[in-house]
Amino acid sequence: VTPPPAPAAAPVVVAAPKPMPTPMPQRVNLSADTLFGFDTANVAPQGRAALDKFSGELAGTRFDTITVEGHTDRLGSAAYNQTLSAERAESVKSYLVNSGRIDPAKINAVGKGESAPITNAADCSDKLSRSQLITCLQPDRRVEVEVTGTR
């Protein structure tokens, strides 16, 4: 007499592993007029306070990269503006590394010069007085910080 066949094992359903969420970049726009004096790259006291607040908001974030972009308005030569924007980006990077304790290997700085204005030439005509033009072009003078990471 042969024993009856063993019952077939019930199939086990295993859920597919959930994919890891893709870190979404977050971009923060900081006014260069807050961070620096006009036509300088030294971080001002008011700028240090803004960067301290920003680095405090990063607490608890595991970030992959941080990119600091410096931007200028169109006043001055393109070469001068490129240099100024790079110096401003480097100043912010240095401050975040030294005071915000950000890993220098995860942060990079780049100057964009006057290549990505927020204003348009029609709104800020060269026919304005110099002080009016400086005020009109204020949105172009900025530092943008993009953080890619997860909380």
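Residues numbered from 1 in each chain as written. Predicted model: local features only at pLDDT ≥ 70, side-chain atom pairs only at ≥ 80, totals over all residues. Heavy atoms only, no water.

### Points about the state of the cysteines
What counts, and what does not: In this description, a disulfide is simply a cysteine sulfur pair whose atoms lie within 2.5 Å. Helix and strand labels come from DSSP, where a helix needs a run of H or I of at least four residues and a strand needs a run of E of at least two; each type is numbered from the N terminus. Think of it in three bands: residues with accessible area under 20% of the maximum for their type are buried, residues over 50% are exposed, and the middle band is partly exposed, with areas taken using a 1.4 Å probe on protein chains only.
Counting across every chain of the model gives one disulfide. Between Cys-124 and Cys-136 runs a disulfide, and the two sulfur atoms are separated by 1.9 Å. Looking down the S-S bond of the Cys-124 and Cys-136 bridge, the torsion is -80 degrees, so its handedness is left-handed. You can see Cys-124 sitting in the loop between β3 (107-111) and α4 (130-136) and its partner Cys-136 sitting in helix α4, a full 12 residues away along the chain. What makes Cys-136 partly exposed here is its relative accessible area of 23%.

### Details of the pattern of salt bridges
For side chains of opposite charge, pairing can occur when their charged atoms come near one another. We apply this condition: Each salt bridge in this description consists of a side-chain nitrogen of Lys or Arg and a carboxyl oxygen of Asp or Glu lying within 4 Å of one another.
Tallying each qualifying case throughout the model produces seven salt bridges. Notably, a salt bridge pairs Arg-27 with Glu-69, separated by 3.3 Å at the nearest N-O pair. Separated by 42 residues along the polypeptide, Arg-27 in strand β1 (residues 24-31) and Glu-69 in strand β2 (residues 62-71) bring together distant segments of the chain. Judged by its relative accessible area of 43%, Arg-27 is partly exposed.

### A few points about the environment of Gln-138
Note the threshold: Here, residues are in contact when the closest pair of their heavy atoms is within 4.5 Å. Here a polar contact is taken to be a pair of N or O atoms separated by no more than 3.5 Å, where protein atoms must pair a possible hydrogen donor with a possible acceptor and residues adjacent in sequence count only if both atoms sit in side chains.
For Gln-138, the location among the structural elements is in the loop between α4 and β4 (142-150). Between the C-alpha atom of Gln-138 and that of Ala-32, which follows or precedes it by 106 residues, the distance is 8.2 Å. Sequence-distant contacts of Gln-138, that is, excluding residues within four places in its chain, are made with Ser-31 and Asp-33. Of note is the side chain of Gln-138, whose polar atom sits 2.7 Å from the side chain of Ser-31.

### Topic: the side chain of Glu-69
Take Glu-69: its relative accessible area is 13%, and that puts it in the buried class. Only 3.2 Å separates the side chain of Glu-69 from the side chain of His-71, close enough to count as a polar contact.

### Examining helix α2 (residues 45-57)
Selection rule: Multiply 1.5 Å by the residue count of a helix minus one, and that product is the helix's expected span. When we speak of the arc, we mean the arc of directions from the helix axis to the C-beta atoms.
Here α2 is 13 residues long and its end C-alpha atoms lie 19 Å apart, about the 18 Å a rise of 1.5 Å per residue gives. Regarding α2, the residues found buried are Gly-47, Leu-51, Phe-54 and Ser-55. In an axial view of α2, the angular spread of the buried residues amounts to 95 degrees, which keeps them on one side of the axis. Those residues of α2 that are exposed and aimed more than 90 degrees away from the buried face are Pro-45, Gln-46 and Lys-53.

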